[in-house]
Amino acid sequence: MGFLVDSHKGGCGVGGGGCFRSLIRRKQVDSVHSKALGHHRLAKELSILHLIAIGVGSTIGAGVYILVGTVAREHSGPALFLSFLVAGIAAALSAFCYAELASRCPSAGSAYHYSYICVGEGVAWLIGWALILEYTIGGSAVARGISPNLALFFGGQDNLPTFLARQHIPGLDVVVDPCAAVLVLVVTGLLCVGIKESTLAQAIVTSINVCAMLFIIIAGTYLGFKTGWAGYELPTGYFPFGVDGMLAGSATVFFAYIGFDSVASTAEEVKNPQRDLPLGIGLSLSICCSLYMLVSVVVVGLVPYYAMDPDTPISSAFSVHGMQWAAYLITAGAVMALCSTLMGSMLPQPRILMAMARDGLLPSFFSDVNRSTQVPVKSTLVTGFGAAVLSFFMDVSQLAGMVSVGTLLAFTMVAISVLILRYVPPDEVPFPSSLQETIYSVSLRYSSQDVYEEKAAIHAGTSKDSKLPLLGKAKTIEYPLLVKQEAQSNFVLNEGKRREIAGWTIAATCIGAVLLTYAASDLSLPSPLRFTTCGVGGALLLSGLIVLTCIEQDDARHSFGHSGGFICPFVPLLPIVCILVNIYLLINLGAATWTRVSVWLIVGVLVYVFYGRKHSSLRDAVYVPATHADEIYRSSGESLA
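Residues numbered from 1 in each chain as written. Predicted model: local features only at pLDDT ≥ 70, side-chain atom pairs only at ≥ 80, totals over all residues. Heavy atoms only, no water.

S.K.: I'd like a rundown of the overall build of the chain, residues and numbers included.
M.R.: Helix and strand counts for the chain come out as 23 helices and 6 strands. Within the span of the chain, comprising 641 residues, buried residues form 52% of the whole. Taking all contacts inside the chain whose residues are at least 6 apart in sequence as the whole, residues at least 24 apart take part in 84%. For the chain, the exposed area adds up to about 27200 Å²; of that, 66% sits on carbon and sulfur atoms. (Helix = DSSP H or I, 4+ residues; strand = E, 2+ residues; numbered from the N terminus. Buried < 20%, exposed > 50% of the residue type's maximum accessible area, 1.4 Å probe, protein only. Contact = heavy atoms within 4.5 Å. Areas by Shrake-Rupley, 256 points an atom, 1.4 Å probe, with all protein chains shown as cover.)

S.K.: Lay out the state of the cysteines in plain terms, naming residues and giving numbers.
M.R.: Considering all chains together, one arrives at 0 disulfides under this definition. Here Cys97 is not cross-linked by a disulfide; its sulfur's nearest cysteine counterpart is in Cys568, at 4.4 Å. The exposure class of Cys97 is buried, given its relative accessible area of 0%. Note on Cys578: no disulfide assigned, nearest cysteine sulfur contributed by Cys97 at a separation of 4.7 Å. (Disulfide = S-S within 2.5 Å.)

S.K.: Mind laying out unusual backbone geometry, listing which residues take part and the relevant values?
M.R.: Pro572 follows Val571 through a cis peptide bond whose omega is 15°. Tracing the chain through its elements places Pro572 in the loop between helix H20 (527-550) and helix H21 (573-587). Residues other than glycine seldom take positive phi values, yet Ser110 does so here, at roughly 55°. As for its placement among the helices and strands, Ser110 is situated in the loop between helix H4 (80-104) and helix H5 (111-118). One non-glycine residue, Trp229, adopts positive backbone phi at about 50°. On the basis of relative accessibility, which here comes to 17%, the residue Trp229 falls in the buried class.

S.K.: So what about the packing of helix H6 (residues 121-144) against helix H22 (residues 591-615)? Which residues, and what values?
M.R.: H22 packs onto H6 with a crossing angle of 130° between their chain directions and a minimal axis gap of 10 Å. For the element pair H6 / H22, the angle class is oblique. Where H6 crosses over H22, the handedness of that crossing is right-handed. Residues Glu121, Trp125, Leu126, Trp129, Ala130, Ile132 and Leu133 of H6 pack against Trp600, Leu601, Val603, Gly604, Val605, Val607, Tyr608 and Arg613 of H22. When its residues are assigned to classes, the contact of H6 with H22 shows 12 nonpolar, 1 polar and 2 charged. (Axes fitted to C-alpha atoms, helices over the stretch in contact; angles between N-to-C directions. Parallel < 35°, antiparallel > 145°, perpendicular 65-115°, else oblique. Left-handed = near helix turned anticlockwise from the far one by under 90°. Nonpolar A, V, L, I, M, F, W, Y, C, P; charged D, E, K, R; others polar.)

S.K.: Explain the nonpolar core residue by residue, including any values.
M.R.: Core analysis: the largest hydrophobic core is formed by 154 residues, its most contacted members being Tyr65, Tyr98, Phe254, Tyr292, Ile314 and Phe318. Sorting elements by how many residues they give to this core places helix H17 (residues 400-423) first, with 15 residues. If sequence neighbours within four positions are ignored, Phe254 has contacts with Ala87, Ala90, Ala91, Leu408, Phe411, Asn582 and Leu585. With 10 residues, the next largest nonpolar core counts Phe431, Leu435, Ile439 and Ala629 among its residues. (Core = buried A, V, L, I, M, F, W, Y, C linked by side-chain atoms within 4.5 Å.)

S.K.: Explain the packing of helix H2 (residues 48-59) against helix H9 (residues 195-227) residue by residue, including any values.
M.R.: The description of two packed helices rests on the angle between their axes and on the distance between the axes. Two numbers describe how H2 lies on H9: the axes approach to 9 Å, and their chain directions differ by 55°. Looking at the two axes, H2 sits oblique to H9. Crossing handedness for the pair H2 and H9: left-handed. Two secondary-structure elements touch here, H2 through His50, Ala53, Ile54, Val56, Gly57 and Ser58 and H9 through Lys196, Thr199, Gln202, Ala203, Thr206 and Val210. Of the residues assigned to the contact of H2 with H9, the class counts are 5 nonpolar, 6 polar and 1 charged.

S.K.: Before we move on, could you go through the packing of aromatic side chains and cite the residues and values that matter?
M.R.: Summed over the entire model, instances satisfying the criterion amount to 24 aromatic pairs. Geometrically, the ring pair formed by Phe215 and Trp325 is tilted, given 5.8 Å between the ring centres and 55° between the ring planes. Linking Phe215 in helix H9 with Trp325 in the loop between helix H13 (313-320) and helix H14 (326-346), this pair joins segments that are 110 residues apart in sequence. On the basis of relative accessibility, which here comes to 48%, the residue Trp325 falls in the partly exposed class. Ring geometry for Phe254 and Phe411: centres 6.5 Å apart, planes at 85°, overall edge-to-face. Here Phe254, found in the loop between helix H10 (242-253) and helix H11 (261-265), pairs with Phe411, found in helix H17; they are 157 residues apart in sequence, far enough to count as distant. Note on Phe254: relative accessible area 2%, which makes it buried. Residue Phe411 is classed as buried on the basis of its relative accessible area, which comes to 1%. Site record: aromatic cluster; members linked through ring pairs are Phe81, Phe225, Trp229, Tyr232, Tyr238 and Phe239. (Phe/Tyr/Trp six-rings, centres within 6.5 Å; stacked < 30°, edge-to-face > 60°.)

S.K.: So, the side chain of Thr59: which residues are in play, and what are the values?
M.R.: Structurally, Thr59 can be placed in helix H2. Take Thr59: its relative accessible area is 8%, and that puts it in the buried class. A polar side-chain atom of Thr59 sits 2.7 Å from the main-chain carbonyl oxygen of Gly55. (Polar contact = N/O pair within 3.5 Å; in protein donor to acceptor, adjacent residues only side chain to side chain.)

S.K.: So what's going on with the pattern of salt bridges? Which residues, and what values?
M.R.: In the structure shown here, the tally under the stated rule is 13 salt bridges. The partner of Arg25 in a salt bridge is Glu121, with the nearest N and O atoms 2.9 Å apart. Here the residue Arg25 occupies a position in the loop between helix H1 (17-24) and H2, and Glu121 occupies one in helix H6, the gap between them amounting to 96 residues. A salt bridge links Glu100 to Arg422, with the nearest nitrogen and oxygen atoms 3.0 Å apart. Of this pair, Glu100 sits in helix H4 while Arg422 sits in helix H17, and the two are 322 residues apart along the sequence. For Arg422, a relative accessible area of 5% corresponds to the buried category. (Salt bridge = Lys/Arg side-chain N within 4 Å of Asp/Glu carboxyl O.)

Okay, here's the thing in structure tokens:
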């Protein structure tokens, strides 16, 4: 057993080993010992109520005002509320994983940050790059959807004020949307003022939206009892499309729940992250699921599912019963929902850029935090201007599927990170190369104790050679520690084997999930190949679950990051089911969506190869065993990034 020091250089050595090392190097959890040197921290202003406002506001968009009609007509029928329930449970799987990692690793960056700590730099870069695309397109798409809803208050699209109305440019065949661009710039300015102020504004907008949904529930319930719930008295029964149709509806409405990850992105700005982050994620998801289910129960009961208007299902349901005036309240709720979702879409992106810049993967320009407002103003302005330009010139509705890729990739990596945290948490801590002298002095103290043990062993008739290697250009250097008893050495050996088995099992489980979901989804495969692939994938998945259930979890999980926060239940079952669900949804997004996303990811790979890898803050990091990190911190007498 030894004091292992490993320098993970970022250059490409012979055979590409250096390049591979740069992909798997992992950073340290932001702990009480460390802070970002040279960077101002974000303001800790958020409480549970703020987080609920962010989570509910980011999740409940105008989609629910449209989804209920489309899903009920094509998939679920009267069982629509069960589709929302199943989708909510599936989203809760990811929420549990997010809650544990957010409380253990409360820093800006969300899934990018967790992937960098648990998986490695290469995967973290791709997740961060995909999230940038998700939030940019998501925010632009939401902004483009506001003007049609807003036009209803003016009597139609043609009656909007000229400076807000959409205009067609014949020469370029482009429809510009000034209203969308203006709203994006207004939200950008609000986000630059401060996190507390922008969250307060989002809370007000979200409250109006929730009040509109409560009106739908209360007034709809009154109409339902008055008219006899005509939507449920059908000869086709409760499941006109069968249970399969209800489950297909769940896959569609699943994306109505994907806003809670915005809560995790604000982790660094939460006053008590170990307590408030899990509660904020859990409560916001519970509120959204309850509202979705109640609205769907009421609306489907007012009119038969086949008679619902796919474009304006809720307002048309009230109009059928003589409440045309309710359409204005419902439209107001839709507009407020879109504005709240726009804020929620634009809030995380500057923080992800800031986290990537702090790690050296992007220029330091993005990591600047304004001294007075304590928010990343420069990143916010860049992302806001980009989203405003995109929403002004481009109809991004056809790119909406690309938003789902970033979200589902993040959900998948968060679930994998929970498995890694429990079974093979990082056992090395990166230190800047400037602290090599401190590391050397700590190793000397251990080696001097070892010399004493060796002298005692020689006096007892044993002969050993003792040498203390000096820090030099070698990649890996071992410093002897105190001699352990034989039984303890065997335990260490067994522990190493356990970690190796667990690591390979996690990898095999992920491969099994990919094979199983791909074979189950691709009906064009020949039957023998399809069934064989399903069998192999299912066997890998099931054996991985069994092995991980039987072997013990790593004791280091108790001290990993900030302890005392939320603990994800039912590990390894819950993360594995989460991985399976998210990969299934990813595969079913379609070839066109993946083609567009692949172009963006290829650009990201080029940016990483030519910039990020060479400027990474871990390029010259020295890795030492985590068990000695506290002593090195004490010896250095300073906080480290």
